[in-house]
Amino acid sequence: MISILPSRDDRVVASGSEVAGGPAGTRVLLGATWWNVFRVLILMTATAAAVGYLSKYYCLINGWGEGKYTHLCYSDIPPLYSLRGLADGAIPYISDLPADQVLEYPALTGVFVYLAARLTPAGNTDWFFDVNVILLLICWLVAVIATALAQRSRPWDAAMVALAPGIILAGTINWDLLPVALVAVSIALWAHNRPTWAGVFLGLGIAAKFYPLLLLGPMFLLCWRARAWGAFGRYLGGAIVAWLAVNVPFMLASFDGWSRFYTFSRERGEDFGSIWLALTTAGRQVPADQLNTVATGLLLLASVGIALLVWRAPQAPRVAQVLFLVVAAFLLTNKVYSPQYVIWLIPLAVLARPRWRDLLIWQAAEAVYFVAVWLYLAGLDGDDAKGLSREAYAVAIVIHLAATVWFSGMVVRDILRPAHDPVRNDGAGVEDPLAGPLAAMDSRPVATTVVAPPQ
């Protein structure tokens, strides 16, 4: 199989490669040196993780209280160590705690957090953060390697996941790299025609965070178009079994503790980063008692549009394209957009449209939002001198939403006009590297692809 080199396929990388002697040649192509693609990706990820860790330097030295917003080093991890009873040995969901101290995350994330707490010397918040950093680095590495393995003809695309500014900045704010890693493994297993195991890892991802549940819809549509009912049945069955295996023990032990995440999500109002907060700032607030209905309605409307796109596209959309669009639609309409949510989209964006230029434009907008949200919170925290006004923060929200819409538009264009799709036209001769069980099963006519120069 042909291996696609970014320095020969991507104009941005090709231009940058001139510093190192020009586009890569045969030795890199064949992996003839000790520095093969996977070792390079591991080094890239470790270096990016070190940069991300150092970005927390002020809080690591001065504590996680005053100055955490103005120095852009906030993380949920240290304060929740004590606030959720973990420093005292509490077991998530099961220990008898006041309702406002119950961990507000799905069960598998609770297991992850408890493991980190058990590896931490009692009461040492800094150790707890460092342990979590190491565990999250493992998750990041898994996501990178899985992305490389998913597209066997394009393993170097995973460098965009390894070096993504969004993960560097937000990877240790929360535990979102856990479900991201599980979803990446699920996608790789699907690409290698293992739908049952792909479903198992998707189910584990759902047990760690809500958003992987959204992927069932687009996979159903793609399987429907390809008439791959057996593959989808195994995929769905694996997901259900894995989710139940994680959740049932906690449901039986303490249903109220287990359900805390779901009640918290339902009752939450408009919050940071959302279009709804920007609308409120502009004097166009959606009433609180209608927000769930309006947000859900918009997501359903977007989902119908994506379904029509899947069914009416001249060629079956690639798996990654549809997965990206569904998660992006959810984030654009959701009641909250925490800074770390961008991590959900990054591996999907890399697989959907592997172009450094587009990724960096989108990530630049997310970096603007990352800075803005902390400076806005600094103002709310009493540091008006360094705080950002509500109106300026609303502008930053619009910037990051617009960038996500723009990137989504590029993906939609690739679906409607396959000649623009960098993956279909990379010369490897593979319509969709992630198709797995869907390969060669689409019953609809396939249009001839016209090779276009790199976008």
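The structure presented is a predicted model; accordingly, all values stated were derived computationally and were not measured. (Residues numbered from 1 in each chain as written. Predicted model: local features only at pLDDT ≥ 70, side-chain atom pairs only at ≥ 80, totals over all residues. Heavy atoms only, no water.)

Right, let's talk about the overall build of the chain for a bit. When helices and strands are counted, the chain shows 22 helices and 0 strands. Burial status across the chain gives 53% buried among its 455 residues. Put simply, 74% of the contacts in the chain that link residues at least 6 apart link residues at least 24 apart. (Helix = DSSP H or I, 4+ residues; strand = E, 2+ residues; numbered from the N terminus. Buried < 20%, exposed > 50% of the residue type's maximum accessible area, 1.4 Å probe, protein only. Contact = heavy atoms within 4.5 Å.)

What follows deals with unusual backbone geometry. The backbone phi angle of leucine 72 is positive, close to 55°, even though this residue is not glycine. Of note, leucine 72 is situated in the loop between helix 5 (57-62) and helix 6 (77-83). Judged by its relative accessible area of 24%, leucine 72 falls in the partly exposed class. One non-glycine residue, tyrosine 93, lies in the positive phi region at around 75°. Tracing the backbone through its elements, the reader meets tyrosine 93 in the loop between helix 6 and helix 7 (107-118). By relative accessible area, which is 5% here, tyrosine 93 ends up buried.

What follows concerns the environment of valine 142. Within the fold, valine 142 resides in helix 8 (residues 125-150). Distance in space between the C-alpha atoms of valine 142 and alanine 181 is 5.7 Å, their sequence separation being 39 residues. Valine 142 has contacts with Ala181 and Val185, leaving out every residue within four places of it along the chain.

Running from N to C, helix 12 (residues 195-208) and helix 14 (residues 229-253) cross one another at 40°; their axes reach a closest spacing of 6 Å. Here helix 12 lies oblique to helix 14, going by the angle between them. Seen along the crossing, helix 12 lies across helix 14 with a hand that is right-handed. Of helix 14, the residues touching helix 12 (which contributes Pro195, Thr196, Ala198, Gly199, Val200, Leu202, Gly203, Leu204, Ile206 and Ala207) are Ala231, Arg234, Tyr235, Gly238, Ala239, Ala242, Trp243, Val246 and Asn247. The residue makeup of the contact of helix 12 with helix 14, split by class, is 13 nonpolar, 5 polar and 1 charged. (Axes fitted to C-alpha atoms, helices over the stretch in contact; angles between N-to-C directions. Parallel < 35°, antiparallel > 145°, perpendicular 65-115°, else oblique. Left-handed = near helix turned anticlockwise from the far one by under 90°. Nonpolar A, V, L, I, M, F, W, Y, C, P; charged D, E, K, R; others polar.)

Moving on to the pattern of salt bridges. Per the stated rule, a full pass over the model turns up 10 salt bridges. Across the pair aspartate 414 and arginine 353 runs a salt bridge whose closest N-O atoms are separated by 2.7 Å. Note that aspartate 414 is positioned in helix 22 (residues 390-416) and arginine 353 in the loop between helix 20 (342-352) and helix 21 (356-380), a separation of 61 residues in sequence. Exposure remark for aspartate 414: the relative accessible area of 0% places this residue in the buried category. Residue class for arginine 353 comes out buried when judged on its relative accessible area of 0%. Salt bridges here are not isolated pairs; linked through shared partners, they connect Arg353, Arg357, Asp358, Arg413 and Asp414. (Salt bridge = Lys/Arg side-chain N within 4 Å of Asp/Glu carboxyl O.)

With the rule as written, the count across this model stands at 32 aromatic pairs. Ring plane angle 15° and centroid distance 4.3 Å describe the contact between tyrosine 81 and phenylalanine 128, whose orientation is recorded as stacked. Here tyrosine 81, found in helix 6, pairs with phenylalanine 128, found in helix 8; they are 47 residues apart in sequence, far enough to count as distant. Here the two residues tyrosine 81 and phenylalanine 128 agree in accessibility, since each one is buried. Ring plane angle 40° and centroid distance 5.8 Å describe the contact between phenylalanine 210 and phenylalanine 330, whose orientation is recorded as tilted. Of the two residues, phenylalanine 210 is situated in the loop between helix 12 and helix 13 (216-226) and phenylalanine 330 in helix 19 (residues 319-333); the sequence distance between them amounts to 120 residues. Overall, phenylalanine 210 belongs to the partly exposed group, its relative accessible area being 33%. (Phe/Tyr/Trp six-rings, centres within 6.5 Å; stacked < 30°, edge-to-face > 60°.)

Turning our eyes to something else, we now look at the nonpolar core. Phe128, Trp140, Trp175, Trp190, Phe324, Trp362 and Leu438 are the most contacted members of the largest nonpolar core, which totals 139 residues. Looking at which element gives the most residues to this core, the answer is helix 8, with 13 residues. Excluding anything up to four places from it in sequence, leucine 438 contacts Trp190, Leu222, Cys223, Ala226, Ala228 and Val319. (Core = buried A, V, L, I, M, F, W, Y, C linked by side-chain atoms within 4.5 Å.)

This part is about the packing of helix 11 (residues 177-191) against helix 20. Packing of helix 11 against helix 20 leaves a shortest axis separation of 8 Å and a crossing angle of 25°. The angle between the axes of helix 11 and helix 20 places the two elements in the roughly parallel class. In this structure, the crossing between helix 11 and helix 20 has a hand that is right-handed. Contact residues: Leu177, Val180 and Ile187 in helix 11; Ile343, Trp344, Pro347, Leu348 and Leu351 in helix 20. For the contact of helix 11 with helix 20, the per-class residue count stands at 8 nonpolar, no polar and no charged.

Attention shifts here to the side chain of threonine 172. With respect to the element layout, threonine 172 can be found in the loop between helix 10 (165-170) and helix 11. Classification of threonine 172 by relative accessible area gives buried; the value is 14%. Residues within four places of threonine 172 in sequence aside, it is in contact with Lys56, Ser75, Ile77, Phe129, Val133 and Leu136.

Take the side chain of arginine 318 next. The residue arginine 318 is located in the loop between helix 18 (288-312) and helix 19 in this model. Not counting the four nearest positions on each side in its chain, arginine 318 is found in contact with Gln151, Leu351, Ala352, Asp421, Val423, Arg424, Glu431 and Asp432.

Per-residue confidence for the chain gives a mean pLDDT of 89; residues scoring 70 or more make up 88%. Considering only residues more than four positions removed or in separate chains, one finds that residues 26-30, a stretch of pLDDT under 50, has 6 contacts. Within the model, pLDDT remains below 50 along residues 442-455, and this stretch shows 31 contacts once partners closer than five positions in the same chain are excluded. (pLDDT = per-residue confidence, 0-100.)

The subject of this paragraph is a nonpolar patch on the surface. A grouping of Leu236, Ile240, Leu244, Val248 and Leu252 is seen on the molecular surface, where their side chains present a nonpolar patch of about 430 Å² in accessible area. With respect to the helices and strands, the residue leucine 244 is situated in helix 14. We classify leucine 244 as partly exposed; its relative accessible area is 39%. (Patch = residues over 30% accessible without salt bridge, like charges linked within 9 Å, V, L, I, M, F, W, Y side chains within 5 Å. Areas by Shrake-Rupley, 256 points an atom, 1.4 Å probe, with all protein chains shown as cover.)

Within the secondary structure, alanine 162 sits in helix 9 (residues 159-162). It is 8.7 Å that separates the C-alpha atoms of alanine 162 and alanine 143, two residues lying 19 residues apart in sequence. Residues within four places of alanine 162 in sequence aside, it is in contact with Leu41, Met44, Thr45, Ala48, Trp140 and Val144.

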